[in-house]
Amino acid sequence: MYDKIINKMKELNIFEVVISEGEDIYDYVLQKTGKVNVHSISKLVTGLCMGIAIDNDYFKDGIEEPIFKYFSEITIKDKHNYEFLKHAKIKHLLTLTLGHDEMLLGSEQIKKLKDHDLAEFVLNYPILYEPGNHFVYSSAPVYLASIIISKVTGKSLLEYSKSNLFSKLGINDVDWIQSKQGYSLGCTGLKITGRDLHKIGMLLLNDGIFENEKIISKNWVNSMRTIHAYSPSYYDEKRVLPKFGYGYNLWICKNGNYFCDGTAGQYVIVVPNKKMVITIVGDQKDMAPVTECLREVIYK
């Protein structure tokens, strides 16, 4: 059914494409690779796990829960950071509005800082804006969210996601790269197959239900796919998936489509009005051609 798309994908370095529309699902394996690091799509899973933890009453104030108390062991050297961090809440981690002005904890920076305390680095890096007032795409807030989930549940994010999310989706083979401090990175480093990742997209499309079982509340899923921060500097109307705004670890388009993407051509895309989910994993450095292959399918 999607032969034209797949033929285009074969010209790129794509490993697997999974497309579901309504009750039909099509899985195209272009290169056999097993689990792959889906990079920033890891953020999506962290957002889901935070929602499950909130659903399970780990945080009495929900997304309004202050975060600073979870990092009392870290000395904040800059008094301006200290004043801002006192007002930071979980919602600022999920919406990437903690107050930094640049991307932190990208893959290369994580490698350079591998022997450092990443949380200490993030919390002491200059915060220029009151939390909630400035969006910048960054991995740092999501790493902090991973630490908080671990501290309140007593489990690593990997362990918590396995028992509360992955196992309920029939996903039994995942890994998550850890920091030197023993925390799952949260923002990157999740290793999973394309077919299993597709189940995450299906969970979003179906309001937190998978195979008639409620995994996460519909309210949380709705919050994830609602714009909480606008992203004009990232918006390009010519792209197949213009990044109009940001929800909880999800990009939102003007037309209601939403997605998460990862470096090197990974995508989880939800097209609600078609009841469609598209999942792609690969190692394609130039990501624009990947979504261009999908233009006709998404907008036909």
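Everything numeric here is computed off the predicted structure, so don't read it as measured data. (Residues numbered from 1 in each chain as written. Predicted model: local features only at pLDDT ≥ 70, side-chain atom pairs only at ≥ 80, totals over all residues. Heavy atoms only, no water.)

Student: I tried to follow the pairing of strand S11 (residues 258-262) on my own but got confused; where do I start?
Tutor: The side chains of a regular strand alternate between both faces of the sheet. The element S11 is extensively covered by neighbouring structure, given that 5 of its 5 residues are classed as buried. Side chains Tyr258, Cys260 and Gly262 project from S11 onto one buried face, and the interleaved Phe259 and Asp261 project onto a second face that is buried too. One ladder, built from 2 bridges, connects strand S10 (residues 251-252) with S11; its direction is antiparallel. In the strand pairing of S11, isoleucine 252 is matched with tyrosine 258. Linkage of S10 to S11, two consecutive antiparallel strands, is achieved through a turn of 5 residues, within which glycine 256 is found at a positive phi near 95°. Sheet analysis places S11 next to strand S12 (residues 266-271), joined by 5 bridges and oriented antiparallel. (Buried < 20%, exposed > 50% of the residue type's maximum accessible area, 1.4 Å probe, protein only. Helix = DSSP H or I, 4+ residues; strand = E, 2+ residues; numbered from the N terminus. Pairing = 2+ DSSP bridges.)

Student: Honestly, the packing of helix H2 (residues 42-55) against helix H7 (residues 140-153) in this entry has me stumped. Any pointers?
Tutor: What describes two packed helices is the angle between their axes and the distance between those same axes. Packing of H2 against H7 brings their axes to within 10 Å, and their N-to-C directions diverge by 40°. Compared by their axis directions, H2 and H7 come out oblique. For the pair H2 and H7, the sense of crossing is left-handed. Contacts from Lys43, Thr46, Cys49 and Met50 of H2 reach H7 at Val142, Ala145, Ser146 and Ile149. Looking at the contact of H2 with H7 residue by residue, the classes come out as 5 nonpolar, 2 polar and 1 charged. (Axes fitted to C-alpha atoms, helices over the stretch in contact; angles between N-to-C directions. Parallel < 35°, antiparallel > 145°, perpendicular 65-115°, else oblique. Left-handed = near helix turned anticlockwise from the far one by under 90°. Contact = heavy atoms within 4.5 Å. Nonpolar A, V, L, I, M, F, W, Y, C, P; charged D, E, K, R; others polar.)

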